Amino acid sequence: MPDPRLGLTVLHRRYVPYSHAHYAGNLVDGAYALGLFGDVATEVCIRTDGDEGLFAGYADVRFGAPIRAGDVLEVAATVVRVGTRSRTLELECRVVCRGRPDRGGSAAEVLDPPVVAVTAVGTVVVPPAGAPAEGGPR
């Protein structure tokens, strides 16, 4: 019987404020997406194992398109492997809306299709089954 955690997908959406622009052209640094991957991976761990878990590492991180201030991002994590204490996640950060300051100070548009900005494979680890949560009774 396949593990019911396989295929679980968690989505987060986030507006990128202009205060996060780091480079010319309102570009945001690539680490911004990695932070969002950590957030969505935390929810995956809570849903699959009842614990926030810890990120152990990334593999195959690819920056395919820029992220800019004014973007609305959709970040997805899908469980593709379940080990004893580790979970492998496929991660994707898509730009679903983009600010259009060339059209006006608050102009924006929906991107159809969304633009895939960053992808990665991540590994998270969780406590062994039956172990008390960190900070809980021992």
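Quick summary incoming for the structure in this document. Note that the structure is predicted; figures quoted are calculated from it, not measured.

Below, the discussion takes up the overall build of the chain. Each helix and strand in the chain was counted, giving one helix and five strands. In sequence order, the secondary structure elements of the chain are arranged as β-α-β-β-β-β. Seen along its three principal axes, the alpha-carbon backbone of the chain occupies a region of about 55 × 35 × 20 Å. Considering only contacts in the chain between residues 6 or more positions apart, those separated by 24 or more positions represent 70%. Counting every atom, the chain has about 7800 Å² of accessible surface; 54% of that belongs to carbon and sulfur. Within the chain, one finds 14 positive and 16 negative side-chain charges whose respective centroids are separated by 1 Å.

A separate point is the nonpolar core. Among the nonpolar cores identified, the biggest contains 26 residues, and Phe37, Ile67, Leu73, Leu89, Leu91, Cys93 and Val118 are the most heavily contacted of them. Within the residue set of this core, elements represented by two or more residues are helix H1 (31-49), strand S3 (72-82), strand S4 (86-99) and strand S5 (108-125). Sorting elements by how many residues they give to this core places H1 first, with eight residues. When neighbours within four sequence positions are excluded, Phe37 is seen to be in contact with Phe55, Tyr58, Val75, Leu91, Glu92, Cys93, Val118, Thr119 and Ala120.

The next thing to look at is the packing of aromatic side chains. On inspection of all chains with the given rule, the structure shows two aromatic pairs. When the ring of Phe37 is compared with that of Tyr58, the centres are 6.5 Å apart and the planes differ by 45 degrees; the resulting orientation is tilted. One end of the pair, Phe37, is in helix H1; the other, Tyr58, is in strand S2 (residues 54-63), and 21 residues separate them in sequence. Every member of this aromatic cluster is reached through a ring pair, and the members are Phe37, Phe55 and Tyr58.

Turning next to the side chain of Arg98. You can see Arg98 is positioned in strand S4. On the basis of relative accessibility, which here comes to 15%, the residue Arg98 falls in the buried class. A polar contact of 2.9 Å, which involves the side chain of Arg98, links it to the backbone oxygen of Pro66. Side-chain polar atoms of Arg98 contact the side chain of Asp71, separated by 2.8 Å. The contacts of Arg98, once residues within four sequence positions are left out, are Pro66, Ile67, Arg68, Gly70, Asp71, Ala108, Glu109 and Leu111.

Scanning the model with the defined rule gives 13 salt bridges in all. Here Glu92 ties to Arg94 by a salt bridge, and the two come within 2.1 Å at their closest N and O atoms. For Glu92, a relative accessible area of 25% translates into the label partly exposed. Arg94 sits in the buried class, given a relative accessible area of 16%. Bridged by salt links that share partners, the residues Asp3, Arg5, Asp49 and Arg87 form one connected network.

This paragraph deals with the environment of Val72. By the secondary structure assignment, Val72 is in strand S3. The spacing of Val72 and Ile46 is 26 residues in sequence and 24 Å in space, taken between C-alpha atoms. Sequence-distant contacts of Val72, defined by excluding residues within four places in its chain, comprise Arg14, Tyr15, Arg94, Val95, Val96 and Cys97.

Turning to the state of the cysteines, a few remarks are in order. As enumerated under the stated definition, the model contains zero disulfides in all. Here Cys45 stays unpaired: no disulfide links it, and the sulfur of Cys93, its closest cysteine neighbor, is 19 Å away. Cys97 forms no disulfide, and the closest cysteine sulfur to it belongs to Cys93, at a distance of 13 Å.

Conventions adopted
Residues numbered from 1 in each chain as written. Predicted model: local features only at pLDDT ≥ 70, side-chain atom pairs only at ≥ 80, totals over all residues. Heavy atoms only, no water. Helix = DSSP H or I, 4+ residues; strand = E, 2+ residues; numbered from the N terminus. Contact = heavy atoms within 4.5 Å. Areas by Shrake-Rupley, 256 points an atom, 1.4 Å probe, with all protein chains shown as cover. Lys, Arg positive; Asp, Glu negative; His and termini not counted. Charge placed at Lys NZ, Arg CZ, Asp CG, Glu CD. Core = buried A, V, L, I, M, F, W, Y, C linked by side-chain atoms within 4.5 Å. Buried < 20%, exposed > 50% of the residue type's maximum accessible area, 1.4 Å probe, protein only. Phe/Tyr/Trp six-rings, centres within 6.5 Å; stacked < 30°, edge-to-face > 60°. Polar contact = N/O pair within 3.5 Å; in protein donor to acceptor, adjacent residues only side chain to side chain. Salt bridge = Lys/Arg side-chain N within 4 Å of Asp/Glu carboxyl O. Disulfide = S-S within 2.5 Å.

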